[in-house]
Amino acid sequence: MSKQPAETVNENPVSGEDGVRSAIAAAIHQLGAGDGVTIDLRPLPFEGTWGVATSVSHALAGERAQQELTASGQLADKSKKEIKKLTSDRARVLSQEIAESIVASLRQSDAFATVEAANGYVNITFDANVVASSLISTILSNGDAYGAGAARTERVMVEHSQPNTHKVFHIGHFRNTALGVSISKILAHAGYPVTEATYPGDIGMHVIKALWCYRSFHLGEEPANPDERGRWLGQIYAESDARLEYRNDVLDLLNTVSKDDPHIATAIDRLLKLLWREHADTEDIAYLMGRFTTPGEVKEDELIDDGTIEAFWPILGAYLQAEAEREPVHLEIEGANGHVEPSTTPQERYDSWLELDEHRDWWAQVPAWKEAIKATFQAWEAGDADLIAQWQTTREWSLADFRRIFDELGAHFDVWFFESEVEEEGKEIVKVLLDAGIAEISDGAAVVRIDEKLGLTDEVYRTLPILRSDGTSLYSTKDLALTRRKFEDYHIDRAIWVVDVRQSLYFKQIFKILELWGFEQAKASYHLPYEIVVLPDGVISSRKGRAPLYDDIRDQVLQRAREIIAEKNPSLSAADREQTAWQVGIGSLKYAMLARDNNKIVVFDIDEALSFDGHAAPYIQYAHARACRILENAKWNRDTVAGPEGFHLDFGAIEPSELSLLQELGRFPEEVQRAADQYRPLLIANYAFELARRFNDFYHACPVIQSEEPVRTARLALVDATRVTLRNALALLGIEAPEVM
RNA sequence: GCCCCAGUAGCUCAGCGGAUAGAGCAUUCGCCUUCUAAGCGAAGGGUCGCAGGUUCGAUUCCUGCCUGGGGUACCA
C-alpha cells in the first residue's frame with residue numbers, strides 16, 4: 001500500500017518519519033546495496049519503548065540470499081521446496097547481519113536515543129521527553145481541532161438517513177443515521193468540505209398503501225396526542241400491508257402446513273372430500289391434493305376458483321385445532337436429504353390460522369384493494385386535491401417525528417431532499433433516455449438493458465426498470481434526477497450514498513445509466529454499502545411486529561442509564577443525571593453500531609445494548625470523565641504552565657504506561673485520515689477504545705496529583721491531552737463526552 | 001446460473017505483507033483506608049473454513065473449492 005504523505009495539521013512526532021527514513025537510506029547506501037528499496041516504518045511493538053522499527057533488512061537479505069546461493073551453485077538439482085527452505089534460512093541469518101550493519105552506521109550520529117538490531121529488524125527509539133513535550137503541546141494548542149487534516153478543495157456530499165414517511169423509524173434506520181453522521185464528521189475532520197443530506201421517502205408505493213388504508217378504514221381516527229401520530233401512521237401502513245398480503249399469508253400457512261405437518265398427507269384425502277361437499281372446483285381439489293402430497297408450493301394464480309381456498313379454510317382450521325390438541329409427539333420429517341426439523345409446532349400453526357381467521361372476509365376483497373391501490377397512486381400523480389391534502393397532513397406527522405429523532409441523534413442536515421420533489425424531473429429524464437435510445441419500452445415499462453448497451457455478453461448490470469408500465473414513478477426514476485441535482489445544484493465534487501448493501505446492484509445500475517447518458521459526474525458517485533441489523537431470532541420485519549422501534553429502545557437505554565448513574569453517583573443533580581443519561585444511553589447505542597465494520601451484520605440484542613460494561617461507549621466516556629475529574633481536583637490550568645512555544649515537560653524516568661498512552665495519542669491524526677479514506681468509523685471506534693484502555697493502564701500505574709514536580713505537571717498535561725483526544729475521537733463517532741458520570 | 005459479502009477463542013468481533021494472532025462477553029480466582037470498581041490484575045480457551053499459488057516472510061495478496069447470508073426487470 002502506498003503511503004500518502006499525511007497532510008495533517010498536526011505532525012505525529014512518532015512518525016516524523018522523513019528524518020528516520022533518510023538516515024536509514026544513507027546507512028543502506030553506505031553498505032553499497034539496495035538503492036531504491038522501500039523503507040517501511042512501524043511503531044515498535046514493545047511496551048515501554050518509543051520509537052520505530054523497519055524490516056528493510058529482511059527485504060535486502062532475501063535478494064542477497066538468492067544471489068549468493070545461485071552464484072555458489074548450491075541451488076542446482078534442488079527441488080523448489082528445498083530452494084525455498086535454503087533461501088529462507090540464509091535470509092534469516094543475513095537479515096540480522098544487515099540490520100547490525102545499519103545499526104552500526106546509524107549509531108555514528110546521535111539523532112536517536114537508542115538503535116538496536118533484533119530478529120533482523122532495526123529498532124530505533126527516541127528521547128521521550130522531547131517528543132512528549134512536542135506532542136502534548138500540539139494537542140493542547142489545537143484542542144478540538146487536534147487530529148484535523150489540512151483543508152481540501154474536493155467538496156463531498158454525504159446522503160444518509162432515508163427513512164420512509166408513513167412508516168416507523170426502527171433500529172435499522174438508526175444504524176444508517178449513526179453511520180452517516182459519523183462518516184460526515186470524519187470526512188469533515190479529515191479536511192473535506194462536507195454537505196450532509198437526508199432523503200426521506202415521502203412518496204412511493206408504501207405511502208400510497210398507507211394513504212389508501214387511512215382513507216378507506218381510518219379517516220378521522222388519528223390520536224389526540226401529536227407525539228403519537230407518527231407511530232400510529234406506521235401501524236396504518238402495517239395494516240395496509242397485511243390486508244394486501246392477506247392471500248399470500250394464507251397461502252404461506254398452507255405451504256407451511258404442507259411442509260411441516262407429517263399428518264397432513266394422510267389427512268388430506270378426507271379433508272378434500274369435505275371440501276368437495278362445499279362445491280369447490282374439482283380441478284382445484286386435484287391441484288391442492290398434488291401440492292400437499294408432493295413437494296411444491298400452492299400458488300394463487302394456479303387456482304381456478306377464488307372460492308376454493310375460502311371453502312377449505314374452515315376445514316383446515318378444524319384440522320389444525322385437532323392437531324394442536326393432540327398429545328405432543330416428537331416427529332421428524334423424512335426429507336429428501338434425511339431428517340428435517342419442522343420450523344413450526346402444531347400450536348403455532350393453529351395460532352397462525354386463528355390470527356388469519358380474524359380477517360376471513362379479507363380474502364375476497366384483496367383483488368379489489370389492489371386495484372384501489374393503483375387508482376390511488378394515479379390519483380396522487382394526477383394531483384387529486386383531496387388526496388394531496390391528506391398526503392401532506394400525514395406526511396408531516398412522520399416528518400415531525402424524524403426531525404425530533406435526528407435532533408436526538410445529533411444529525412444536522414444541510415439539505416433535505418424529498419422523493420416527491422424529484423419525481424417530475426425523474427420522469428423527464430426517463431423521456432430523454434427513451435428519446436436517446438438508451439431506455440426502451442418493454443412490457444409497457446421503461447427499462448434500460450444496461451449490459452446490452454455496453455456490449456457486454458455476461459450478466460453484469462442486467463436490466464433496470466425506470467418507469468412503471470402505468471406511468472407511475474419508481475425509486476429509480478427519482479434517483480436519476482436526484483443524482484443530477486446533487487452535482488448541478490450543490491456544486492459538489494463527490495457524492496456518497498449511505499444505503500444498505502442490498503441495494504449495491506441497484507446503485508451500480510443507476511450510476512452506469514447516467515454514465516451512458518453522458519453524465520460525467522456519475523464517476524464521482526459512490527454507494528457506501530453497509531450490512532443490515534438483524535435480531536437474535538431473525539430479520540427485522542415491521543409487518544410481523546418484529547421491529548424494535550428507535551423510540552422504545554431509546555427509552556429503555558435511558559432508563560437503564562439513569563438507574564446506573566443513581567447507583568454509582570448519587571450526588572449528581574437531577575439535571576446532570578439526565579444529561580449524562582442521554583450521553584451514555586445514546587452513545588452506547590451508537591457505539592454498538594459503529595464498532596462493527598460496515599460489511600458486518602449487526603445482531604441487535606437488547607440485553608447487550610443495556611449492558612454498559614466492557615468494549616462499549618461508557619468505557620471510553622468513563623475514562624474521559626475521570627480525566628476531567630483529575631484535572632478538576634488538581635486545579636489544573638494549562639495556560640499558567642505552557643510557555644509561548646508550548647510545554648517543556650519532564651516525565652523523569654518515563655513509565656511504560658505513559659509511553660504507551662503518548663504513542664496512542666500521537667496516532668490520532670493519521671487514523672482520522674485512514675478512516676476518511678476508507679469510510680470506516682470502526683477505525684475511530686477502535687482507536688477511542690484503545691486510547692481509553694491505555695489511559696486506564698496509566699491511571700492505575702501512575703499517581704498524578706500526588707506525584708512530585710516536575711512529574712506532576714507533566715502527567716497533568718498528559719491527562720489533559722488525553723481528555724482532549726478522547727473527546728475529539730468520540731465526537732467523530734457522534735458520541736458526546738460526559739464530564740461527570 | 002451469475003454477482004457481492006462473510007467464515008479468526010464457547011459467543012460477538014478486531015487484526016496497515018512482518019517479531020509470541022488480540023479485545024469484549026461468558027467461566028474461574030483476586031483487588032475499593034490511596035485522583036470515581038461503568039474500573040484493574042490473573043487463569044483457561046486457536047488446524048485464523050479447506051487446498052494450492054505468489055513472497056525472504058501470508059490470518060493478510062491471488063486462484064479454486066466448501067459452508068452461510070444477500071442481490072438478481074416494473075418493492076425501496
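Residues numbered from 1 in each chain as written. Chains lettered and ligands numbered in written order. Predicted model: local features only at pLDDT ≥ 70, side-chain atom pairs only at ≥ 80, totals over all residues. Heavy atoms only, no water.

I would appreciate a short explanation of the packing of helix α9 (residues 264–277) against helix α11 (residues 307–325) in the present structure.
Following both chains from N to C, one finds α9 and α11 inclined at 130°, their axes separated by 10 Å at the closest point. Classified by the interaxial angle, the pair formed by α9 and α11 is oblique. Pair α9 / α11 crosses with right-handed handedness. Seen from α9, the contacting residues are I264, A267, I268, R270, L271, L272, L274 and L275; seen from α11, they are T308, A311, F312, I315 and Y319. Classifying every residue of the contact of α9 with α11 by side-chain character gives 11 nonpolar, one polar and one charged. (Axes fitted to C-alpha atoms, helices over the stretch in contact; angles between N-to-C directions. Helix = DSSP H or I, 4+ residues; strand = E, 2+ residues; numbered from the N terminus. Parallel < 35°, antiparallel > 145°, perpendicular 65-115°, else oblique. Left-handed = near helix turned anticlockwise from the far one by under 90°. Contact = heavy atoms within 4.5 Å. Nonpolar A, V, L, I, M, F, W, Y, C, P; charged D, E, K, R; others polar.)

Would you mind going over helix α10 (residues 282–293) with me for this structure?
Residues separated by three or four positions in an α-helix point in the same direction, a consequence of the helix having 3.6 residues per turn. Here α10 spans 17 Å end to end across 12 residues, near enough to the 16 Å set by a 1.5 Å rise per residue. Residues of α10 that are buried: D284, I285, Y287, L288 and F292. Taken around the axis of α10, the buried residues stretch over an arc of 160°, which confines them to a single face. Looking at the buried positions of α10, the neighbouring elements they touch are α8 (246–260), α9 and α11. Between the side-chain oxygen of the N-cap and the backbone nitrogen of E283 there are 2.8 Å, and the N-cap of α10 in question is D281. (Expected span 1.5 Å × (residues − 1). Buried < 20%, exposed > 50% of the residue type's maximum accessible area, 1.4 Å probe, protein only. Arc of directions from axis to C-beta. Polar contact = N/O pair within 3.5 Å; in protein donor to acceptor, adjacent residues only side chain to side chain.)

Got a minute to help me understand the sheet that holds strand β17 (residues 602–603) in this structure?
Hydrogen bonds along the backbone pair up the strands of a sheet, which may run parallel or antiparallel. The sheet built from three strands is open, its strands ordered β16-β15-β17 with mixed pairing. In this open sheet, the two strands that pair with only one neighbour each are β16 (538–539) and β17. Here strand β15 (residues 533–535) runs beside β17; their pairing, made up of two bridges, is parallel. In the strand pairing of β17, V534 is matched with V603. (Pairing = 2+ DSSP bridges.)

Help me understand the pattern of salt bridges in this model?
Side chains carrying opposite charge are able to pair once their charged atoms draw close together. Considering all chains together, one arrives at 43 salt bridges under this definition. With a shortest N-O distance of 2.1 Å, R42 and D40 are connected by a salt bridge. Classification of R42 as partly exposed rests on a relative accessible area of 35%. D40 sits in the partly exposed class, given a relative accessible area of 22%. Across the salt bridge formed by R395 and D202, the nearest N and O atoms sit 2.8 Å from each other. Of this pair, R395 sits in helix α14 (residues 385–408) while D202 sits in the loop between β6 (194–198) and α6 (205–217), and the two are 193 residues apart along the sequence. Side by side, R395 and D202 carry an identical accessibility label, which is buried. Beyond isolated ion pairs, a larger network of salt bridges with shared partners links E664, R667, E671, R674, E690, R693 and R694. (Salt bridge = Lys/Arg side-chain N within 4 Å of Asp/Glu carboxyl O.)

Can you walk me through the packing of helix α22 (residues 617–633) against helix α26 (residues 711–732) in this structure?
Think of two packed helices as two axes; the pair is described by the angle between the axes and how far apart they sit. Closest axis-to-axis distance for the α22/α26 pair is 9 Å, and the angle between their directions is 145°. Helix-helix and strand crossings are classified by hand; for α22 and α26 the assignment is left-handed. Of α26, the residues touching α22 (which contributes I620, Q621, A623, H624, A627, C628, I630 and L631) are L716, V719, D720, R723, L726, R727 and L730. Classifying every residue of the contact of α22 with α26 gives 10 nonpolar, two polar and three charged.

I tried to follow the sheet that holds strand β12 (residues 463–467) on my own but got confused; where do I start?
Strand order in the open sheet made by the three strands is β10-β11-β12, with antiparallel pairing throughout. Every interior strand has two partners, whereas the edge strands, β10 (440–442) and β12, have only one. Direction aside, neighbouring strands of the sheet carry axes that sit 50° apart on average. Across three bridges, the pairing between β10 and strand β11 (residues 445–449) is antiparallel. If you follow E440 over to β11, its bridge partner there is V447. This element, helix α15 (residues 419–435), spans β10, β11 and β12 of the sheet and lies at about 125° to β12.

Explain the protein's contact with RNA strand B to me, please; I cannot follow it from the model alone.
Around RNA strand B sit 74 residues, and of these Y121, R462, K568, Y622 and Y699 come closest. Protein-adjacent atoms of RNA strand B, using a 4 Å cutoff, are sugar or phosphate at a proportion of 58%. The side chain of E419 places a nitrogen or oxygen atom 3.5 Å from a sugar or linking oxygen of RNA strand B. Between RNA strand B and Q503, the relevant distance is 3.2 Å, taken from a base nitrogen to a side-chain nitrogen or oxygen of the residue. Here the surface near RNA strand B takes eight residues from α22, the largest share from any one element. Taken together, the residues of the surface near RNA strand B sort by class into 33 nonpolar, 20 polar and 21 charged. (Near = heavy atom within 4 Å.)

What exactly am I supposed to notice about the packing of aromatic side chains here?
Counted under the stated rule, the structure contains 34 aromatic pairs. Aromatic pair F487 and F519: ring centres 6.0 Å apart, planes at 70°, arrangement edge-to-face. Highlighted residues: F487 in helix α17 (residues 475–490) and F519 in the loop between α18 (504–516) and β14 (525–530), separated in sequence by 32 residues. Taken as a pair, F487 and F519 share a single burial class, namely buried. (Phe/Tyr/Trp six-rings, centres within 6.5 Å; stacked < 30°, edge-to-face > 60°.)

Mind showing me how you'd approach the pairing of strand β2 (residues 51–54) here?
The side chains of a regular strand alternate, first on one face of the sheet and then on the other. The two faces of β2 match: G51 and A53 on one face and V52 and T54 on the other face are all buried. Where strand β1 (residues 42–43) lies against β2, two bridges are found, and the strand directions are antiparallel. Residue pairing across strands places P43 opposite V52, the latter belonging to β2. Pairing between β2 and strand β4 (residues 121–125): four bridges, direction antiparallel. Residue pairing across strands places G51 opposite T125, the latter belonging to β4.

Hey, could you run me through the environment of K299 in this one?
Mapped onto the elements of the fold, K299 is located in the loop between α10 and α11. When its relative accessible area of 44% is taken as the criterion, K299 is described as partly exposed. Each C-alpha atom, one on K299 and one on K590, is 43 Å from the other, the two residues being 291 residues apart in sequence. Excluding residues within four positions of it along the chain, K299 makes contact with L251 and Y287.

Mind showing me how you'd approach empty space enclosed by the protein here?
Over the atoms rolls a probe the size of a water molecule, and its path tells where empty space is left. This structure, assessed with the given rule, holds one cavity of 30 Å³ or more. Computed from the structure, the largest cavity encloses a volume of approximately 60 Å³. Along the walls of the largest cavity sit Y246, V250, I309, E310, W313, R360 and W363, which together make up its complete lining. In terms of residue count, the dominant contributor to the lining of the largest cavity is α11 (three residues). Its residues assigned to classes, the lining of the largest cavity shows five nonpolar, no polar and two charged. (1 Å grid on protein atoms, 1.4 Å probe; cavity = no way out; pocket = protein on both sides within 12 Å on 5 of 7 lines; lining within 4 Å. Points joined across faces, edges and corners; volume = space filled by probe spheres on them.)

Just geometry here; none of it tells us what the structure is for.
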